[in-house]
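Reading the structure
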Amino acid sequence: MQTSFTPQQLADPNIAQSEAILRKCVHCGFCTATCPTYVTLGNELDSPRGRIYLIKDMLENDRPADAQVVTHIDRCLSCLACVTTCPSGVDYMHLVDHARIHIEKTYRRPIMDRLIRNLLAFVLPYPARFRTALKLARLGQPFASLFRKTKALRPLASMLDLAPKTTPTPSTVANPGTHAPQAEKRGRVAILTGCAQPVLDPEINDATIRLLTRIGIEVVLPEGEACCGALVHHMGREEQALASARRNVDVWMREIERGGLDAIIITASGCGTIIKDYGHMLRLDAAYADKAKEVSALAKDITEYLAGLDLPPLERNGLTVAYHSACSMQHGQKITMPPKLLLKAAGFAVRDPAEGHLCCGSAGTYNILQPEISAQLKARKVKNIEATKADIIATGNIGCMTQIASGTAIPIVHTVQLLDWAYGGKKPNRIEALK
């Protein structure tokens, strides 16, 4: 794609990066075939190619975002299926990140949109606040149908719909501290505790700790870590996201210096994608660039890490698992086979749902902020999963778990919970009815 940025504009490293990304696009349109919003809506401006044109025009002319740009960028799930498909290597992820930051700085949203986004940024990255909000949501759930009648209030209705009827008891296992290996020591890792996940399903981190220590891995949960920053990053709130990144880099670097780390284990793939990008996010920060790059190199999804430990194969257990590959896993981190191979080795029959490349519609806060499109994507995803006739659904992202569980009766659990169970751990609560 031809561009015409001025030398003065290109002196800004962020503009220079976006210009280089734009120049790689050759308008081929391959991305339209795998973009969930284009497949759903059929609007060229709701495809990566269309959004690229909008972003180019906005940045090149150095003008504030307008309502049209915001509408179509907001509809992007950041699922990155287009990145997987693109034959030209267009780095759409960092381009749309730049566009969102520009929108946040130059566009004044309607008041209700601003209030809802401020609420999400204030609550979701903080476990204690999120837990309190879920308790309050139960009082508001009877009013969800009223909120749904007004377009500006539909995100509030979506929040109430997604809130669980009960909130699990907080885990004591995943408090800051060190868990010694129960077998001959073969490694030392830190685990990202996370923000929303330990509130919605604390079993996931507990299962991870049990499994890792059982096979000889020392597990550290450092004091002082923050939310990974993904939720606010995808809302264009750059400074808040970078503050979280710096805090986590400091925490993990202290742990590296204290006892060394073989990996930083991530159990939510949405978090994994952004932590692996810390090196890029902080590349212009002289005090953090090298440290962030080191942290990003150590970040591994739990299945990515387990795949290198040669877990012993087990006998078939008679259960069939539909594996849902989260977008942040398959497109963001390019991890496709390890989760399925681990499940097969653990004795499960694994099935791939049709259209596995399409997003389920969760995408961080997308199912709150874009409820209509999200609902269509969820229905499509659930239909394809249920067609597998599986006993269980497995995935590696808490957002996907929450989204899909709201549309099907098939129990859905984290991949690591099934692996922990298969290798001698506790049966996940969500599949207690199965043999």
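Residues numbered from 1 in each chain as written. Predicted model: local features only at pLDDT ≥ 70, side-chain atom pairs only at ≥ 80, totals over all residues. Heavy atoms only, no water.

What holds strands together in a sheet is hydrogen bonding between their backbones, with the strands either parallel or antiparallel. The 4 strands are arranged β7-β6-β8-β9 in an open sheet whose pairing can be described as parallel. Each edge of the open sheet is held by one strand with a lone partner, namely β7 (349-351) and β9 (412-414). Taking the axes of each pair of neighbouring strands and ignoring which way they run, one obtains an average angle of 35° across the sheet. (Pairing = 2+ DSSP bridges. Helix = DSSP H or I, 4+ residues; strand = E, 2+ residues; numbered from the N terminus. Axes fitted to C-alpha atoms, helices over the stretch in contact; angles between N-to-C directions.)

This part is about the packing of helix α8 (residues 111-123) against helix α11 (residues 154-162). Following both chains from N to C, one finds α8 and α11 inclined at 30°, their axes separated by 10 Å at the closest point. As the angle between them shows, α8 and α11 are arranged roughly parallel. Taken together, the residues of α11 that come into contact with α8 (itself represented by Ile 116, Leu 119 and Leu 120) are Pro 155, Leu 156 and Met 159. Among the residues forming the contact of α8 with α11, the class breakdown is 6 nonpolar, no polar and no charged. (Parallel < 35°, antiparallel > 145°, perpendicular 65-115°, else oblique. Contact = heavy atoms within 4.5 Å. Nonpolar A, V, L, I, M, F, W, Y, C, P; charged D, E, K, R; others polar.)

Pairing in this open sheet of 5 strands is mixed, and the strands run β1-β3-β2-β4-β5 from one edge to the other. Each of the sheet's edge strands pairs with one partner strand only, and the pair in question is β1 (177-179) and β5 (299-301). Going across the sheet, the axis of each strand differs from the next one's by a mean of 30°, ignoring polarity. Sheet analysis places strand β2 (residues 187-191) next to strand β4 (residues 263-266), joined by 3 bridges and oriented parallel. Its bridge partner lying in β4, Val 189 is registered against Ala 263. Against the sheet, helix α18 (residues 289-298) makes contact with β4 and β5, and its axis sits at roughly 25° relative to β5, the strand it touches most.

To continue, consider helix α4 (residues 48-60). Taking 1.5 Å per residue as the helical rise, α4 with its 13 residues ought to reach 18 Å, and the 18 Å between its terminal C-alpha atoms agrees with that figure. Most of α4 is tucked away: 11 of the 13 residues are buried. Within the span of α4, buried status applies to Pro 48, Arg 49, Gly 50, Arg 51, Ile 52, Leu 54, Ile 55, Lys 56, Met 58, Leu 59 and Glu 60. Those residues of α4 that are buried lie in contact with α1 (7-10), α2 (13-24), α3 (36-41), α5 (67-74), α6 (81-85) and α7 (92-106). Trailing α4 by a residue or two, Asp 62 shows a phi angle of about 50°, which is positive. (Expected span 1.5 Å × (residues − 1). Buried < 20%, exposed > 50% of the residue type's maximum accessible area, 1.4 Å probe, protein only.)

In short, geometric facts, not functional conclusions.
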